[in-house]
Amino acid sequence: MLNKIKKLQSEVEDFRTNNLEELDQFRIKMLGKKGEVTLLFGEFKQVPAELKRDFGQAINVLKNSVQDKIKTLFSELKTVDSGPSGQDLTAPGEPSPLGTRHPISLVRNQIIDIFKRLGFNVSIGPEIEDDWHVFSALNFPPEHPARDMQDTFFINQDPDILLRTHTSSVQVRVMENEKPPIRTISPGRVFRNEAISARSHCIFHQVEGLYIDKNVSFADLKQTLQFFAKEIFGPSTDIRLRPSYFPFTEPSAEMDISCSLCNGKGCNLCKYTGWLEILGCGMVDPNVLESVGIDSHEYTGFAFGMGIERIALLKYNIKDIRLLFENDVRFLEQFQNAQ
Ligand code: PHE
């Protein structure tokens, strides 16, 4: 009987397979109900008492080596069997993480969409500009503070090459190249030499709009902006226009919307005024039209400009503009379902 054990022992040691089914058959052959090792345990009862010790030890060694063999072969086969590169092809697929649109893109797309529905097209232009398109053509007096080094990033002086401080420069280019009627918006990045804080940044985004045709009036401007405000902030939004000044518009105004947080009742966000300033606007100054060769007696127009960040901060109740530039994924992921 000890011979039989020895024979089985070397059979176990020699056993090789690269197939899980064969391994299972081996397991049944050895450890199954009628398996060799199981039978040996049965025969053990008949072994004379003085041999029981050696015999028992030998069966236990055999049993352990069968179990070890199965274990090693199984773990080897599992990796081989699972595919050429060792991956488990039966494992469920890993979901690829969904990216999210940046809140600035979300708001920019919404603004574009609203004005497209009113018949505006989209124009884009260079971020590096000359003095003419950013200032001179727009009726900026030579000593206007916006031309100052403190506001503008100059790249070259004389001729003045600079980073645009607003996308009105794109509209100058459109007016130079196209004949009225013109109905266009220009979204884009702008640059101002401002200290970075919770409320302002030296790089931000604007959408500026321009409409030039015969008989365009201030009433058209007001209707357009009212439609826009209700579309982007909700139908219960009210607007108000306050007189203001821009070199390129006359008359000029600033538009406020009723506070999106307290609905005009007064809160921290609107500093208890009930109103939030969101954009500048006005009727295009005749000097601007003349400087780009459009007859200001035949045509009139309105223009407006807004910061996308400002709208995004108000719309999504974001407290710090810097969050929009840090691109912390934990922040951005919150806009997964944002509209
Ligand atoms: N260009 C102005 C700015 O950057 C905004 C504006 C555009 C104001 C058109 C009036 C008319 O602040």
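This is a predicted model, so every value here is computed, not measured. (Residues numbered from 1 in each chain as written. Predicted model: local features only at pLDDT ≥ 70, side-chain atom pairs only at ≥ 80, totals over all residues. Heavy atoms only, no water.)

Chemist: Help me understand the pattern of salt bridges in this model?
Modeler: Close approach of charged atoms allows side chains of opposite charge to pair. Per the stated rule, a full pass over the model turns up 14 salt bridges. Linking Glu43 and Lys4 is a salt bridge whose minimum nitrogen-to-oxygen distance equals 4.0 Å. Residue Glu43 is found in helix H3 (residues 36-43), and its partner Lys4 is found in helix H1 (residues 2-14); the two are separated by 39 residues along the sequence. Overall, the relative accessible area of 35% leaves Lys4 in the partly exposed class. Two residues, Asp131 and Arg147, come together in a salt bridge whose shortest N-O distance is 3.2 Å. You can see Asp131 sitting in helix H6 (residues 131-134) and its partner Arg147 sitting in the loop between H6 and strand S3 (154-156), a full 16 residues away along the chain. Note on accessibility: Asp131 and Arg147 belong to one class, buried. (Salt bridge = Lys/Arg side-chain N within 4 Å of Asp/Glu carboxyl O. Helix = DSSP H or I, 4+ residues; strand = E, 2+ residues; numbered from the N terminus. Buried < 20%, exposed > 50% of the residue type's maximum accessible area, 1.4 Å probe, protein only.)

Chemist: What should I look at first to understand the sheet that holds strand S2 (residues 128-130) in this one?
Modeler: Note: strands within a sheet are paired through backbone hydrogen bonds, in either parallel or antiparallel orientation. The 3 strands are arranged S2-S4-S3 in an open sheet whose pairing can be described as antiparallel. Here the strands that pair on one side only, and so sit at the sheet edges, are S2 and S3. This sheet shows a mean twist of 35 degrees between the axes of neighbouring strands, independent of strand direction. The pairing of S2 with strand S4 (residues 161-163) spans 3 bridges and is classified as antiparallel. When the sheet's bridge partners are listed, Glu129 is paired in S4 with Leu162. (Pairing = 2+ DSSP bridges. Axes fitted to C-alpha atoms, helices over the stretch in contact; angles between N-to-C directions.)

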